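# Commentary on secondary and tertiary structure
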Amino acid sequence: GSEPSSPERAIPRILHQTYPTAAVPPRISGLLETWRRQNPNWEVRFWDDAACEAFVRDSFPAYYTAYRGLPKDVERADFFRYMVVLKHGGVYADVDTECRTPMDELLLPDDTFVAGWENEFPTAAKAIRRHYIRKRQILQWTFAAAPGHPALKAVCDRVNDNYDHIFSNNTNRDTLERTGPGVWTDVLVDYALNVPLPARAGGARARNPHQDGGQLAWSPPPPPSPPRVHAGGAGGGFRRFRGGCLR
C-alpha cells in the first residue's frame, strides 16, 4: 500500500511490530500502547507470524529460501525486521520495548538511518559472559531507516548468504552471529566507515559517546549514507524489558 505522507522526513511515520499471533499478553499490550500514545500521528503495522511469512514470500522471494531455512523462529523474526524496514521504511520496535519520547522528537528530518549502541565491554570475553556478541554492540530491537537504505540491504544480503552457516558449537551464539546483533553491528560499522560523511554544512554531528547521554550522531543526506547512532536504553527515548526488568 501507499506509505503515510512524510514529505519533510526521509524516514516515514510507520511503526512496525511483530508477535507470533494477534493475541498478545496484557503486559505486552501495555508496552504496545506506549508507542501509540507517544506517536499518535504514526501508522502502526502489526505483523503476526503468518503475515511475516507472506510478506517475505511476496516482497523478497530471493530471500525466502533463507528465511524458511533459518533454524529458529527468533532468527526469522530478526530477518523479517530488516526486510520490512528495507521495503517500507519507518521504525521497528520489539514488543517488549517502552516508548518514552515521541519519535518525531528523536528523528531528525534528514535522518536516513538511526540505531543505538547497546553496550560496551573492555574485552570480547567479558561481552560473551554477559551474553553479548561484540565488545561494542549496536542494538537491533529498535531502529529506524528510510526505505531502500543500502545498509539494510547489506544486512539482508549477509543474512541470506550465511543462513545455514554454523558459527560455533553454541546455538545461542550462532543466532546472535547469524541474524542478531553480531551481523547487524558488523555491517553497520563497516558501512559507516566506508561511506563518507556529508560535506555540507550541518551534515555531521558527532558527540562523545561517554557524554551528552551517550549519543554518537551522523545526520546524512538520502541513501547511500552512514547511520546516525543513538545511545540505547532509557536515555535514548526508549527502553527494553526482559522478565519485567530494565535491561
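Description of the structure in this document. (Residues numbered from 1 in each chain as written. Predicted model: local features only at pLDDT ≥ 70, side-chain atom pairs only at ≥ 80, totals over all residues. Heavy atoms only, no water.)

## Points about the overall build of the chain
The helix and strand inventory of the chain stands at 9 helices and 9 strands. Sequence separation of at least 24 residues holds for 72% of the intrachain contacts in the chain that already meet a minimum separation of 6. Here the chain displays about 11,200 Å² of accessible surface, and carbon together with sulfur accounts for 53% of that area. (Helix = DSSP H or I, 4+ residues; strand = E, 2+ residues; numbered from the N terminus. Contact = heavy atoms within 4.5 Å. Areas by Shrake-Rupley, 256 points an atom, 1.4 Å probe, with all protein chains shown as cover.)

## Regarding the packing of helix α4 (residues 73-88) against helix α7 (residues 150-162)
Look at α4 against α7: their axes get within 9 Å of each other, and the N-to-C directions meet at 145°. When the axes of α4 and α7 are compared, the crossing they make is left-handed. Contacts from F79, Y82, M83, V85 and L86 of α4 reach α7 at L152, K153, V155, C156, V159 and N160. Split by residue class, the contact of α4 with α7 holds 9 nonpolar, 1 polar and 1 charged. (Axes fitted to C-alpha atoms, helices over the stretch in contact; angles between N-to-C directions. Left-handed = near helix turned anticlockwise from the far one by under 90°. Nonpolar A, V, L, I, M, F, W, Y, C, P; charged D, E, K, R; others polar.)

## What to know about the packing of aromatic side chains
Working definition: an aromatic ring pair is given by the centre-to-centre distance plus the angle between the planes. Counted by the stated rule, this structure contains 12 aromatic pairs. Aromatic pair Y82 and W184: ring centres 5.0 Å apart, planes at 10°, arrangement stacked. Taken together, the positions of Y82 in helix α4 and W184 in helix α9 (residues 181-194) put the pair 102 residues apart, joining distant regions of the chain. Pair check on accessibility: Y82 and W184 agree, each one buried. Geometrically, the ring pair formed by F143 and W184 is tilted, given 4.7 Å between the ring centres and 50° between the ring planes. Of the two residues, F143 sits in strand β6 (residues 136-145) while W184 sits in helix α9, which places them 41 residues apart along the sequence. (Phe/Tyr/Trp six-rings, centres within 6.5 Å; stacked < 30°, edge-to-face > 60°. Buried < 20%, exposed > 50% of the residue type's maximum accessible area, 1.4 Å probe, protein only.)

## Examining the nonpolar core
Counting residues in hydrophobic clusters, the biggest one holds 34 residues, and the most contacted among them are F79, Y82, M83, L152 and W184. Of all elements in the fold, only α2 (49-59), α3 (61-69), α4, β5 (113-120), β6, α7 and α9 reach the threshold of two or more residues within this core. With 7 residues, the top contributor of residues to this core is α4. Counting residues in hydrophobic clusters, the runner-up holds 12 residues, among them L15, W35, A93 and A144. (Core = buried A, V, L, I, M, F, W, Y, C linked by side-chain atoms within 4.5 Å.)

## Quick word on the pattern of salt bridges
Per the stated rule, a full pass over the model turns up 11 salt bridges. Residues participating in the shared-partner salt-bridge network are R9, R13 and D104. (Salt bridge = Lys/Arg side-chain N within 4 Å of Asp/Glu carboxyl O.)

## Concerning the side chain of D94
For D94, the position within the fold is in the loop between β3 (90-93) and β4 (97-99). Relative accessible area serves as the criterion here: at 8%, D94 is assigned to the buried category. A polar side-chain atom of D94 sits 3.3 Å from a polar atom in the side chain of R81. (Polar contact = N/O pair within 3.5 Å; in protein donor to acceptor, adjacent residues only side chain to side chain.)

## Let's talk about the environment of S168
Turning to its location among the elements, S168 is positioned in the loop between α7 and α8 (171-178). Those residues within four positions of S168 in sequence are excluded, and the remaining contacts are R173 and D174.

## Quick word on α7
Taking 1.5 Å per residue as the helical rise, α7 with its 13 residues ought to reach 18 Å, and the 18 Å between its terminal C-alpha atoms agrees with that figure. Of the residues making up α7, those classed as buried are A151, L152, V155, C156 and V159. Buried residues of α7, viewed axially, fall in a sector of 140°; they line one side. (Expected span 1.5 Å × (residues − 1). Arc of directions from axis to C-beta.)

## Quick notes on the pairing of strand β1 (residues 14-18)
For β1, a buried count of 5 out of 5 residues is recorded, marking the element as mostly surrounded by other parts of the structure. Of the two faces of β1, the one holding I14, H16 and T18 and the one holding L15 and Q17 are both buried throughout. Relative to strand β2 (residues 43-47), β1 runs parallel, the two sharing 5 bridges. Across the sheet, I14 pairs through a bridge with E43, a residue of β2. Strand direction decides the pairing type here: β1 and β3, joined by 2 bridges, are parallel. What sits directly across from H16, in β3, is Y92. (Pairing = 2+ DSSP bridges.)

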